[in-house]
Amino acid sequence: MAFDLDMIKKVYDRYSTRVAAARKATGKHLTLTEKILYAHLSEGDAQQAFGRGVDYVDFAPDRVAMQDATAQMALLQFMQAGRPQVAVPSTVHCDHLIQAKIGADADLQTAKDVNAEVYDFLASVSDKYGIGFWKPGAGIIHQVVLENYAFPGGMMIGTDSHTPNAGGLGMIAIGVGGADACDVMAGLPWELKFPKLIGVKLTGKLSGWTSAKDVILKVAGILTVKGGTGAIVEYFGEGARSLSANGKGTICNMGAEIGATTSIFGYDEKAAAYLSGTKRADIAELANTIKEHLTGDDEVYANPEQYFDQVIEINLSELEPHVNGPFTPDLAWPISKFATAVRENNWPVKLEVGLIGSCTNSSYEDITRSASIAKQAIDKNLKTKAEFTITPGSELVRYTVERDGYLGTFESMGGVVLANACGPCIGQWARHTDDPTRKNSIITSFNRNFAKRQDGNPNTHAFVASPEIVTAFAIAGDLTFNPLTDTLTNLNGEQVKFDEPVGIEMPIKGYAVEDAGYQAPAEDGSAVSVIVDPKSARLQLLEPFAAWEGTDITGLKLLIKAKGKCTTDHISMAGPWLKFRGHLDNISNNMLIGAINYFNNTADSVKNELTGEYGPVPATQRDYKAHGIGSIVVGDENYGEGSSREHAAMEPRHLGVRAILVKSFARIHETNLKKQGMLGITFADSNDYDKIQEDDIFDIVGLTTFAPGKQLTVVLHHKDGSTESFPVNHTYNAQQIEWFKAGGALNIIRRQMAS
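Residues numbered from 1 in each chain as written. Predicted model: local features only at pLDDT ≥ 70, side-chain atom pairs only at ≥ 80, totals over all residues. Heavy atoms only, no water.

1. Some remarks on the sheet that holds strand β32 (residues 723-729)
Stated formally: Two strands are said to pair when DSSP picks up at least two bridges between them. The helix count covers DSSP runs of H or I at least four residues long, the strand count covers runs of E at least two residues long, and both are numbered beginning at the N terminus. Under this scheme, a helix contributes an axis fitted over its contacting stretch, all axes are lines through C-alpha atoms, and angles between N-to-C directions fall in the 0 to 180 degree range. The contact criterion used throughout is that any non-hydrogen atoms of two residues lie within 4.5 Å.
The seven strands lie next to each other as β22-β27-β28-β29-β32-β31-β30, forming a closed barrel whose pairing is mixed. On average, each strand axis in the sheet is inclined to that of its neighbour by 40°, with strand direction left out of account. Note that strand β22 (residues 553-561) and strand β30 (residues 697-701) share three bridges and pair antiparallel. By the bridge assignment, I553 is partnered in β30 with I700. Packing of helix α22 (residues 617-626) onto the sheet brings it into contact with β22, β27 (631-635) and β28 (657-662), and relative to β22 it is tilted by some 165°.

2. So, empty space enclosed by the protein
Quick note on the threshold: Cavities and pockets were defined on a 1 Å grid built from protein atoms only: a cavity is a group of points that admits a 1.4 Å probe but offers it no way out, a pocket is an open group of points flanked by protein on both sides within 12 Å along at least five of seven lines, and a lining residue is one with an atom within 4 Å of any such point. Grid points are joined across faces, edges and corners, and a volume is the space filled by probe spheres set on the points. Residues were grouped as follows: Ala, Val, Leu, Ile, Met, Phe, Trp, Tyr, Cys and Pro as nonpolar; Asp, Glu, Lys and Arg as charged; and all remaining residues, including Gly, as polar.
A complete count under the given rule lists seven cavities of 30 Å³ or more for this structure. The computed volume of the largest cavity comes to approximately 220 Å³. Along its surface, the largest cavity is lined by 22 residues, and A256, G259, E641, G642 and A666 are the ones closest to its centre. Residues that form the lining of the largest cavity fall into these classes: nine nonpolar, nine polar and four charged. By volume, the second largest cavity is sized at about 190 Å³. Around the second largest cavity, the lining comprises 21 residues; the ones closest to its centre are Q67, H96, D160, I426 and S643. In the lining of the second largest cavity, the residues fall into five nonpolar, eleven polar and five charged.

3. Overview of unusual backbone geometry
This is how the line gets drawn: With a 1.4 Å probe rolled over the protein chains alone, any residue whose accessible area is under 20% of its type maximum counts as buried; one over 50% counts as exposed, and the rest are partly exposed.
In the segment running from G325 into P326, the intervening peptide bond is cis, with an omega of 5°. Position of P326 among the secondary structure elements: in the loop between β12 (322-324) and β13 (332-334). A positive phi is found at F327, a non-glycine position, where the angle reads about 70°. When you line up the elements, F327 lands in the loop between β12 and β13. Given a relative accessible area of 29%, F327 falls into the partly exposed group. With a phi angle near 60°, N381 is a residue other than glycine that sits in the positive phi range. Along the chain, N381 falls in the loop between α16 (364-379) and β15 (387-391).

Spelled out as structure tokens, the structure:
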């Protein structure tokens, strides 16, 4: 569990040399983002990348972190790579497979029983290959990483889209697919398209009801869910320095909701205090020796427009609390305008559930601010009108807040404490409702609120706010209530008003824990056996995908023309499907079942061109595969936004989909497709999307001369016998084209390890 101080020393030794070289090569001052990226460039790419003059660049991350749902497939892939141990420090965190149903103890025990096969696999494969293993109940990956592994100036990749949470401690932390994690664990460079830079200048200081969560809710409203795509967001200014490390983590965590590659804050006194408070004072001392390199140059922040591709300025002193939603995290409402929006849009006024915690807002500071509102409800004799749940982020936080009495406060006002796991945030939640189909409202302090994400009900209007705002709304049970200005009627019939929330950044008596839930790997794993039952419904050893046949791809059927938003939740749902994350064939039965078919405005209903009948998407694709027929998926803008779910790329590949043609891709999903040897292409003219007819046959021409920057051509054969064609774009570089030709990046890794 201990951090690797020697590794951090090596990073910092390289840091100064690389920053100096970058300044000399570029002749300019540097942002923090550039400093960290340049310090982690693979040796061969160092000089050419200085000055952001290249497209894709190879990096050498310091760490890998995996959550249990995605770790299964990542480690099944790593097992094929032929290495005795991982090449960089790596950890697995069991946080996704625990369903919130009754309460922490009962739910955790049920999860251990139901998921025993998966947990045993993850524990044994971690033991064998030198991977740290965090047991179920230990906490949510991002909070555990912030408490134990994140360090200023480092670079980490994680198999979860909210990996950027570690940016709160000044680390470049990027969500990736399992294949990317497999590459790094196998000792290979990790490739990233060199990002654009967005600077967010924070002035002033938070006060009253406003919290760090409101910063990212405001930014999401400005940039939208795709405004940060291809960019790293760097926060700076006096306002940034005033925020707690956990508050910064919240902002970076939810940066995934604007499509950002990652987000980051510079190293400062708040970061140093958090490192010391979590028993990592040695890291703070090291960081202090190069602290000028762990933030952007003064000249950059004095003239940000000269160094960032886009600059946003927010005055924290003027920032209102926000509520975002429903159905998308970028629909931002200042609290003063939210009640009017609820009424004008006819959203359900009655609030049924308030949920706080998750990886985004489960720090000691978050809990104490929320508990101060809960305590007022008790003292002011208010009855909590909505169901209310609390999800601690880690056993360290849970144990400490229980010791300090805050969990008891929540329970006294009617709250239910859930296990230290993702739970409701990702749909692992047994929703208590007398009608699962009616329109209803819930509010959370989580990060995402796409339709059906929390409870599978498309009629659930999910809103996102800070934990303290959520707590106040849960007590009121009414979305038109403004806790800053309105009063409530207590059990005595009196009108009472909430005082401002009060919180503590870190525990006065320090953090405490009896068993953090960590299992160290064997020093020599050669004798450890990893057993996967061939009859298992949850785990399945992988077979290599087939290599490209060397010709243009012709005769493809249209599987689905997806209409509108198509996130990774639409492509590969979570919730009950999480249990199949280690079994590719079984989980493929959820492929694209949430996507809306353009031709009938219905989910999971597409025309089978072999029978002429409509049926489920996976069954239709399995029929095509059985007949040796390839297919294509057509999509809209920002296809694949959301979680870094590589299953969303592996399932189509496994079932025989040959290409994904869309208006635009979300970054992680596009990379995942490439890693699996899938062809991901975009319309050169987005209007060509309208040319796609339901019965079309597709040819993709130009693959025999597939090259970076060279367009391919799609030929449509319409049912009436006519044809038309149009150019399509791609972003494959030379290495990625080799992945495509080999049938996937893993095939190349295996070949290299064997040679």
